[in-house]
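Architecture and fold: a report
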Amino acid sequence: MIRIEQIAAPDAADEAAIMAVLAAANAEAGWPHIREAVLLRLLNADGGVGGGLIGRISWQWLYVQTLAVAPALRGQGWWLRLMEAAEAAARLHGCIGARLDTYSFQARDFYEKQGYRVIGTIEDCPPGHARHSMAKRFH
């Protein structure tokens, strides 16, 4: 019997099983789903994690999932250096661009200064704010 099951506490294996179905369908359509991780860790003076960047490379595009810098390290150019390092890694992997999502209460202006442009907006996500999807093509 086919049914839908909600998993209350999914683990990596649960997610991998679903991704395998999508990967097989994409490969059958001629688009193998090869993903490579980009993880940049920002270490503070005592060796603790003060932020970093989490991204994925797929289909010659970098997707920046997370960019975080601890409040004590902000205003020192770390966001820019992390983005530049991620974009450099993406270019080495043959990427033609990068994409990300940010919110109206976050860093849209920062990304626009780096050449990203808004390609879509969802209003009231979260309520009272907007979610902006942004992209940048590499030259």
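Up top you'll find the structure we're talking about.
Now for a quick tour of the structure. All figures in this text were calculated on a predicted structure; none of them were measured in a lab.

Conventions we followed
Residues numbered from 1 in each chain as written. Predicted model: local features only at pLDDT ≥ 70, side-chain atom pairs only at ≥ 80, totals over all residues. Heavy atoms only, no water. 1 Å grid on protein atoms, 1.4 Å probe; cavity = no way out; pocket = protein on both sides within 12 Å on 5 of 7 lines; lining within 4 Å. Points joined across faces, edges and corners; volume = space filled by probe spheres on them. Helix = DSSP H or I, 4+ residues; strand = E, 2+ residues; numbered from the N terminus. Nonpolar A, V, L, I, M, F, W, Y, C, P; charged D, E, K, R; others polar. Pairing = 2+ DSSP bridges. Right-handed = clockwise from strand over helix to strand, strands pointing away.

Describing the layout of surface pockets
Considering only enclosed or pocket space, the largest pocket measures out at about 310 Å³ in volume. If you go around the largest pocket, you meet 18 residues; those closest to its centre are Leu67, Asp101, Thr102, Gln106 and Tyr111. When contributions to the lining of the largest pocket are tallied by element, the ones reaching two or more residues are strand E3 (61-69) and strand E4 (97-103). A total of 7 residues in the lining of the largest pocket trace back to one element, the largest contributor, which is E3. Of the residues that constitute the lining of the largest pocket, the class distribution is 11 nonpolar, 4 polar and 3 charged. Computed from the structure, the second largest pocket encloses a volume of approximately 190 Å³. Taken together, His33, Arg35, Arg56, Ser58, Trp59, Trp61, Leu62, Tyr63, Gln65 and Arg99 make up the full set of residues lining the second largest pocket. Per-element accounting of the lining of the second largest pocket gives the leading share, 4 residues, to E3. For the lining of the second largest pocket, a count of residues per class yields 4 nonpolar, 3 polar and 3 charged.

Some words on the pairing of E3
Here strand E2 (residues 49-58) pairs with E3 via 8 bridges, running antiparallel. Residue Ile57 lies in a different strand from E3, and its bridge partner there is Leu62. Hairpin connection between E2 and E3: a loop of 2 residues separates the two successive antiparallel strands, and Trp59 in this loop has a positive phi of roughly 55 degrees. Judged from the 4 bridges that link them, E3 and E4 form a sheet pairing that is parallel. The partner of Val64 across the bridge, within E4, is Leu100. What joins E3 to E4 is helix H2 (residues 78-92), and the crossover it makes is right-handed.

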